[in-house]
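# Observations on the three-dimensional arrangement
Next come the chains, spelled out residue by residue.
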Protein chains: 4
Amino acid sequence: MDRNSVNWYGSITAVVTPFYKDGEIDINSYTQNVELCLEAGVHGIVVTGCTGEAWALTDREKLLLAKRTVEVVRKRVPVISGTTSISPSDVIALSKECIKAGVDGIMVSAPYDCLPSQDEIYEHFKLISDELKFPMLVYNIPSRLGVNLSVQLMDRLAELESVVAIKQSSKDYMDVFNTIKTVSDRLRVIVGYSSNRGLPCMALGADGFTSTSDLQVLGKPAVELYNAYAEGDMVRARVLQELCFKTASAVSAAGTFPASLKSAMNLVGRPGGYPRRPLLPVAGAKLEKLASDLAALNLKVSL
Amino acid sequence: MDRNSVNWYGSITAVVTPFYKDGEIDINSYTQNVELCLEAGVHGIVVTGCTGEAWALTDREKLLLAKRTVEVVRKRVPVISGTTSISPSDVIALSKECIKAGVDGIMVSAPYDCLPSQDEIYEHFKLISDELKFPMLVYNIPSRLGVNLSVQLMDRLAELESVVAIKQSSKDYMDVFNTIKTVSDRLRVIVGYSSNRGLPCMALGADGFTSTSDLQVLGKPAVELYNAYAEGDMVRARVLQELCFKTASAVSAAGTFPASLKSAMNLVGRPGGYPRRPLLPVAGAKLEKLASDLAALNLKVSL
Amino acid sequence: MDRNSVNWYGSITAVVTPFYKDGEIDINSYTQNVELCLEAGVHGIVVTGCTGEAWALTDREKLLLAKRTVEVVRKRVPVISGTTSISPSDVIALSKECIKAGVDGIMVSAPYDCLPSQDEIYEHFKLISDELKFPMLVYNIPSRLGVNLSVQLMDRLAELESVVAIKQSSKDYMDVFNTIKTVSDRLRVIVGYSSNRGLPCMALGADGFTSTSDLQVLGKPAVELYNAYAEGDMVRARVLQELCFKTASAVSAAGTFPASLKSAMNLVGRPGGYPRRPLLPVAGAKLEKLASDLAALNLKVSL
Amino acid sequence: MDRNSVNWYGSITAVVTPFYKDGEIDINSYTQNVELCLEAGVHGIVVTGCTGEAWALTDREKLLLAKRTVEVVRKRVPVISGTTSISPSDVIALSKECIKAGVDGIMVSAPYDCLPSQDEIYEHFKLISDELKFPMLVYNIPSRLGVNLSVQLMDRLAELESVVAIKQSSKDYMDVFNTIKTVSDRLRVIVGYSSNRGLPCMALGADGFTSTSDLQVLGKPAVELYNAYAEGDMVRARVLQELCFKTASAVSAAGTFPASLKSAMNLVGRPGGYPRRPLLPVAGAKLEKLASDLAALNLKVSL
């Protein structure tokens, strides 16, 4: 593999997986959403990440979504496929299928639930890296998985052949700061939570950020946050940062992510669909509040 | 179901799942370990909990282990089978199989990875409770799963037909204190981390505790901690508490639980076996330190 | 000094400092409150601790209160005088005055605001210990002072000549557990927050606990919590633990400690008086709620 | 007072208070350090803040330092005088003296040690504001004082007549983010920890930052961090941010702040002097490590 060909940057979207009410995947809505993201100008697409409710999908379903995304995107931007699992052999097996299906990269988090040590996590990624030799985005999200990749560990992971990028979604500011400082000479650094950190992390030298709630509700402005910064227009970037933050805050106040994001998408006429259990759609007073919060941002809302 | 027939209390063991080096279940070692626990006098056995590396097992394997445990235990003590999954329908399907296999109760944690709200967790348990109508132990372990059952939620769960007991492994002391105060009129309260909380939580009115590292390394003394308290012998209880703590501390300093527990069991001649990836057996200097720590507790150790 | 003559144990009260509305010390109310504590059967009295609003008192006032307490108590129980300051020379100067005034011990916390290292804290206590050679209670309350005495440091402090006891008010359960385990062979261990930890910490081997809200509102039952445990009557101890907890919870829900304690004392006809600024007395709806919470505990309340 | 005349921004230094070995203030070294800061181009000077070991100074000493600073600075940049105390009347008394001495503003933190409620803090600042009617910088530093000014409270404080600026040194990123968003329309927002947050917070719209370790060790580059950003030179700003971070990290690894800052200043030939007890100068292996860390940054170091 050629590390230098990997050019992941900018506003990268992790897309939702719209389900029908009965829990089946609504592949048409999925396709439509991917197309809307491309129209907004995103610089990359992540399939079956947390935003895609990866925890509720079988491997067969993850592969199906990867395939469809590759078909829709047609190489216009990189497609990165989430293949996280607790067992490294499960990660490898699914990743190989996704690679065959034509994705540009795979995204892998630390194994969850088992609270592995930093060394065990390293061995996990090393096994996967050695087996795949394919561009990999390592994804750190300790608030969800209960396990953190330390900056020291990232520094070691940066030496693995397949590891070309890191998505840092730690909520600890110093971890984010140190990640950018420590590995951005060797890895693409994409930060999570664009709606509150997009601009400051670009200032610190990140390559991009993942846009989820803001992008899939607002469309273009979430991408423009990146472009405004890249063009040196800090005043406009701050205005867009504020808009993205208000949007994401409205979504997150309404319920559990990404169920609340799906409800918000539905409210503004985008194809969010239903979540799978145990998550539940936003309803009642919370839905009304969400609708009025979005309307206050000049979005066209229909309940 | 008859809630009053449920008599879960005392020193309850969550058993390990010994694997061969290649990752296959070593069912003979498993059987032998269950028998050793019974000989030690445990008051109940939990199958395929965290200690059993539930995250690394398929549903088929979990059922196999439940069946074997039922056969070995022959109703001498309650057998409680872990059937946690993110999707409530998966929990229900596996639980039904385990119930058919003859277990006395099922143990279910909050759905992980998806960070559900307290209401979504309630609906998750309600769906399962309504469907099963079978004694259920609700298991709270926020440090591992990243999701906490608040005491207010436990109070609501206590009203569900199938919920007869709670296993509280929160590391927040006030949560443990308030759980005992709030639901012990309706639920059996079993606390986690016997090695540091066994005695004080019994003093506060808990019904029992789960013994893991201490019991499966020490055997009888971990059960005697309960018995000493029950007999009002606080001086002896304190000595045993100290022994259990030193044992569990040695295990936990050596590596990731329960891989380190398995290594400790092997050192003292008990059937621990290997962990599954991503966990790794304790090795090298850490194994030597573990051996000397255990030897310092007058355990017969062979490296 | 003779370490063996120090016999600090049981239910020890940290007394409030009643002020008039204009901020002056109300020495008659103070005296009356000390007498009420003695009538309740307390095993010791702490003057000018946090409960006494030490932060709002001048050294002259602290000495005045120490003197009065010595006069009132007349050696019936030990009187321990809080002399904490940031500068060790200030601690030494005030302590010498209090010793001259006849107190039985002094209580000193880590220096606050300056975030000292563990070594700097050790040197602070060593300087004081060497200079005074008088029984000292080291007081750890990290949630208030922002600095924690680690258990390793306590182990070192236990070797200092003057250090005879530790008051552990860390909210971290494992710190409390390890403190009792580690230093109770050499030091008297008194735990804070009797209302939620009194009973379990006695079970673990503590020598006593500080009773503040519970004792100065309830009187005798807060002392009986200790006595019931000491007599082996766990059922009665649990009932008293519950009563103490409900009392302290009502007080702490009403406002900032100890202003809320003073308001509660006033409500039940005890001499609480006013707090000094920046603390404010409980008022309005919160005072009504406090009154009804206390009435619900069968206390005679007059608004 | 005229709020509009207040123009606090840029790189503002909180200066150390050099002491002789015996603890007396070394006023010549103090003067020399203030002059060095002015030469470096700082946009403002804070006297008797945390960096100045305010906790170890009497009111008389604080006033002396304020007076000297006013004399040295001669209106070239604003001089802001720290007058924090637990009692609002103490704050008012000292502030009035400092105002008479000619300072341009006063800096006041929340009252410490007494864990006041948000309402009590508001009343504290209101009393001071009403009494002084003089430009006030409200200083939030929860990691040191154990009390946090919530963003909601800052929003209320922004309405007080004397409150013209906030210094936000919370370590919680979202608090910093929300502070800038919420009050920068009415208050000057100065962020703490320039060495890791200077650049990103400027990007978010802060007015400036306090430079402590970096400025008083490096001199000019810590001010240039601000200037580079202001001129839109992000590449140079990032290089300077990195230099400031490495400097501050070396200082903070060596010991307790600001004792370690003073030792670092002494190493590079600046007038740091000694700290007061309980803080101790850096010594031994830690001093050697500090020297080599600073030398690695191309600073001329003599042990």
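Coordinates for the structure precede this section.
Residues numbered from 1 in each chain as written. Chains lettered and ligands numbered in written order. Predicted model: local features only at pLDDT ≥ 70, side-chain atom pairs only at ≥ 80, totals over all residues. Heavy atoms only, no water.

Here we come to the interface of chain D and chain A. On the side of chain A, 20 residues touch chain D, which itself brings 20 residues to the contact. Summing both sides of the interface, chain D and chain A together bury roughly 1700 Å²; the carbon and sulfur share of this comes to 67%. For the pair chain D and chain A, the number of links is two salt bridges. Linking D:Lys181 and A:Glu242 is a salt bridge whose minimum nitrogen-to-oxygen distance equals 3.1 Å. If you look at where chain D meets chain A, you find eight residue pairs in polar contact (both at pLDDT 80 or more). Going through the elements one at a time, α7 (173-183), α8 (194-204) and α11 (234-254) of chain D are the ones with two or more residues in the side of chain D that touches chain A. (Contact = heavy atoms within 4.5 Å. Buried area = accessible area lost by both parts, 1.4 Å probe. Salt bridge = Lys/Arg side-chain N within 4 Å of Asp/Glu carboxyl O. Polar contact = N/O pair within 3.5 Å; in protein donor to acceptor, adjacent residues only side chain to side chain. Helix = DSSP H or I, 4+ residues; strand = E, 2+ residues; numbered from the N terminus.)

Below, the discussion takes up the packing of aromatic side chains. Within this structure, the stated rule accounts for 18 aromatic pairs over all chains. Aromatic ring contacts, followed pair by pair, group A:Tyr173, A:Phe177, A:Phe245, D:Tyr173, D:Phe177 and D:Phe245 into a single cluster. A cation sits over an aromatic face here: C:Lys167 above C:Tyr139, 4.0 Å from the ring centre. (Phe/Tyr/Trp six-rings, centres within 6.5 Å; stacked < 30°, edge-to-face > 60°. Lys NZ or Arg CZ within 6 Å of the ring centre and 35° of its normal.)

This part covers the nonpolar core. Counting residues in hydrophobic clusters, the biggest one holds 448 residues, and the most contacted among them are A:Ile45, B:Ile45, C:Ile45 and D:Ile45. In this view, C:Ile45 contacts C:Ile12, C:Thr13, C:Val15, C:Val34, C:Cys37, C:Leu38, C:Thr69, C:Val73, C:Val77, C:Pro78, C:Val79 and C:Ile80; residues no more than four positions away in its chain are not counted. (Core = buried A, V, L, I, M, F, W, Y, C linked by side-chain atoms within 4.5 Å. Buried < 20%, exposed > 50% of the residue type's maximum accessible area, 1.4 Å probe, protein only.)

All names here are of chain A. Under the defined criterion, the tally for this structure stands at zero disulfides over all chains. Looking at Cys244, it has no disulfide partner, and the nearest cysteine sulfur is the one in Cys37, 13 Å off. Residue classification places Cys244 among the buried residues on the basis of a relative accessible area of 0%. (Disulfide = S-S within 2.5 Å.)

So, about the arrangement of the chains. The closest approach of any C-alpha atom in chain A to one in chain C is 20 Å; the two make no contact. Spatially, chain B and chain D are disjoint, and the shortest separation between their C-alpha atoms is 20 Å.

Moving on, we come to the environment of A:Arg277. The topology assignment puts A:Arg277 in the loop between α12 (259-267) and α13 (284-295). Take A:Arg277: its relative accessible area is 32%, and that puts it in the partly exposed class. Between the alpha carbons of A:Arg277 and A:Ala56 there is a distance of 8.0 Å; along the sequence they are 221 residues apart. Not counting residues within four places of it along the chain, the set of residues in contact with A:Arg277 comprises B:Ser87, B:Pro88, B:Glu123, B:His124 and B:Leu127.

Below, the discussion takes up empty space enclosed by the protein. For the structure shown, the criterion picks out one cavity of 30 Å³ or more. Counted as a void, the largest cavity has a volume near 30 Å³. Class assignment of the residues belonging to the lining of the largest cavity gives a composition of three nonpolar, one polar and three charged. (1 Å grid on protein atoms, 1.4 Å probe; cavity = no way out; pocket = protein on both sides within 12 Å on 5 of 7 lines; lining within 4 Å. Points joined across faces, edges and corners; volume = space filled by probe spheres on them. Nonpolar A, V, L, I, M, F, W, Y, C, P; charged D, E, K, R; others polar.)

On to the sheet that holds strand β8 (residues 208-211) of chain A, then. Residues and elements named next belong to chain A. Within the closed barrel, the eight strands sit side by side as β1-β2-β3-β4-β5-β6-β7-β8. Their pairing is parallel. Each strand of the sheet is rotated relative to its neighbour by a mean of 25°, with strand direction disregarded. Against the sheet, helix α4 (residues 118-132) contacts β4 (105-109) and β5 (136-140), and its axis sits at roughly 165° relative to β4. (Pairing = 2+ DSSP bridges. Axes fitted to C-alpha atoms, helices over the stretch in contact; angles between N-to-C directions.)

Before going further, it helps to examine the environment of C:Lys21. Residues and elements named next belong to chain C. Looking at the secondary structure, you find Lys21 in the loop between β1 (10-14) and α1 (27-40). The exposed category is assigned to Lys21, whose relative accessible area is 68%. It is 24 Å that separates the C-alpha atoms of Lys21 and Ala248, two residues lying 227 residues apart in sequence.

Here we come to the interface of chain A and chain B. Accessible area lost upon the coming together of the parts serves often as the stated size of an interface. Each partner contributes residues to the interface: chain A has 24 residues there, and chain B has 24 residues. A combined buried area of about 2300 Å² lies between chain A and chain B, and 59% of that area is made up of carbon and sulfur atoms. Applying the counting criterion to the chain A and chain B interface returns zero salt bridges. At the junction of chain A with chain B, the criterion picks out 10 residue pairs in polar contact (both at pLDDT 80 or more). Counting only elements with at least two residues in the side of chain A that touches chain B, the list comes to α4 and α5 (142-145) of chain A.

On to the relation of the copies chain A and chain B, then. Each of the two chain copies goes to the other by way of a rotation about an axis and a shift along it. The two copies are related by a screw motion: chain A maps onto chain B through a turn of 180° and a shift of 0.0 Å along the axis, at an RMSD of 0.0 Å. The transformation relating the two chain copies, once decomposed into turn and shift, fits a two-fold axis. Residue A:Gly146 of chain A places its C-alpha closer to the rotation axis than any other residue of that unit, at 2.7 Å. Most of the interface of chain A is mirrored in chain B: 100% of its interface residues are interface residues there too. (Least-squares fit on C-alpha atoms with pLDDT ≥ 70 in both.)

On to the relation of the copies chain D and chain A, then. Once chain D has been moved 0.0 Å along the axis and rotated by 180°, it coincides with chain A to within an RMSD of 0.0 Å. Interface overlap between copies is the fraction of interface residues in one copy that are interface residues in the other; for chain D against chain A it reaches 100%, indicating a shared surface.

Quick reminder: α-helices carry 3.6 residues per turn. Residues three or four places apart thus point the same way. Residues and elements named next belong to chain A. Burial analysis of helix α8 (residues 194-204) places 11 of its 11 residues in the buried class, which makes it a mostly covered element. By the burial criterion, the buried members of α8 are Ser194, Ser195, Asn196, Arg197, Gly198, Leu199, Pro200, Cys201, Met202, Ala203 and Leu204. At the exit of α8 stands Gly205, carrying a positive phi of roughly 115°.

A few words on the side chain of B:Thr48. Residue and element names in this part refer to chain B. With respect to the helices and strands, the residue Thr48 is situated in the loop between β2 (44-47) and α2 (59-73). Taking relative accessible area as the criterion, Thr48 reaches 3% and is therefore assigned buried. For Thr48, the contacting residues outside a window of four places in its chain are Ala54, Leu57, Lys62, Leu65, Ser81 and Gly82.

Another point: the packing of helix α11 (residues 234-254) of chain B against helix α8 (residues 194-204) of chain C. The geometry of α11(B) relative to α8(C) is characterised by a closest axis approach of 9 Å and an angle of 80° between their N-to-C directions. Our classification of the angle between α11(B) and α8(C) gives roughly perpendicular. Between α11(B), through B:Met234, B:Arg238 and B:Gln241, and α8(C), the contact on the second element is made entirely by C:Met202, C:Ala203 and C:Leu204. Class assignment for the residues of the contact of α11(B) with α8(C) results in four nonpolar, one polar and one charged. (Parallel < 35°, antiparallel > 145°, perpendicular 65-115°, else oblique.)

Next up on the list: the sheet that holds strand β7 (residues 188-191) of chain D. Strand pairing within a sheet occurs via backbone hydrogen bonds; the two strands may be parallel or antiparallel. Residues and elements named next belong to chain D. The eight strands lie next to each other as β1-β2-β3-β4-β5-β6-β7-β8, forming a closed barrel whose pairing is parallel. Strand-to-strand twist across the sheet, computed as the mean angle between neighbouring axes with direction ignored, equals 25°. As paired strands, strand β3 (residues 79-82) and strand β4 (residues 105-109) are joined by three bridges and run parallel to one another. Residue Ser81 lies in a different strand from β4, and its bridge partner there is Ile106. Along the sheet, helix α4 (residues 118-132) contacts β4 and β5 (136-140); its crossing angle with β4, the most-contacted strand, is approximately 165°.

On to the environment of D:Tyr112. Inspection of the secondary structure assignment puts D:Tyr112 in the loop between β4 and α4. D:Tyr112 sits 35 residues away from D:Val147 along the chain, and the two C-alpha atoms are 6.8 Å apart. Among all residues touching D:Tyr112, those that are not within four sequence positions of it are C:Tyr112, C:Asp113, D:Thr84, D:Ser85, D:Ile86 and D:Leu145.

Moving on, we come to the packing of helix α8 (residues 194-204) of chain B against helix α7 (residues 173-183) of chain C. The contact between α8(B) and α7(C) brings their axes to 11 Å, and the two run at 85°. If you check the angle between α8(B) and α7(C), you find them roughly perpendicular. Counting all contacts with α8(B), which are made through B:Ser195, B:Asn196, B:Arg197 and B:Pro200, the residues of α7(C) involved are C:Tyr173, C:Met174 and C:Phe177. Classifying every residue of the contact of α8(B) with α7(C) by side-chain character gives four nonpolar, two polar and one charged.

Before going further, it helps to spend a moment on the pattern of salt bridges. All told, the structure shown has 72 salt bridges over all chains when counted by the stated rule. Between A:Glu161 and A:Lys133 there is a salt bridge whose closest N-O contact spans 3.2 Å. A residue pair is termed long-range when its members are at least 10 positions apart, and A:Glu161 in the loop between α6 (151-157) and β6 (163-168) and A:Lys133 in the loop between α4 and β5 qualify at 28 residues. D:Asp119 serves as the salt-bridge partner of D:Arg156, at 2.9 Å between the closest nitrogen and oxygen. Placement of D:Arg156 in helix α6 (residues 151-157) and of D:Asp119 in helix α4 is noted, with a sequence separation of 37 residues between them. On the accessibility criterion, D:Asp119 (47% relative accessible area) is partly exposed.

As far as function goes, none of this settles anything; it's purely spatial.
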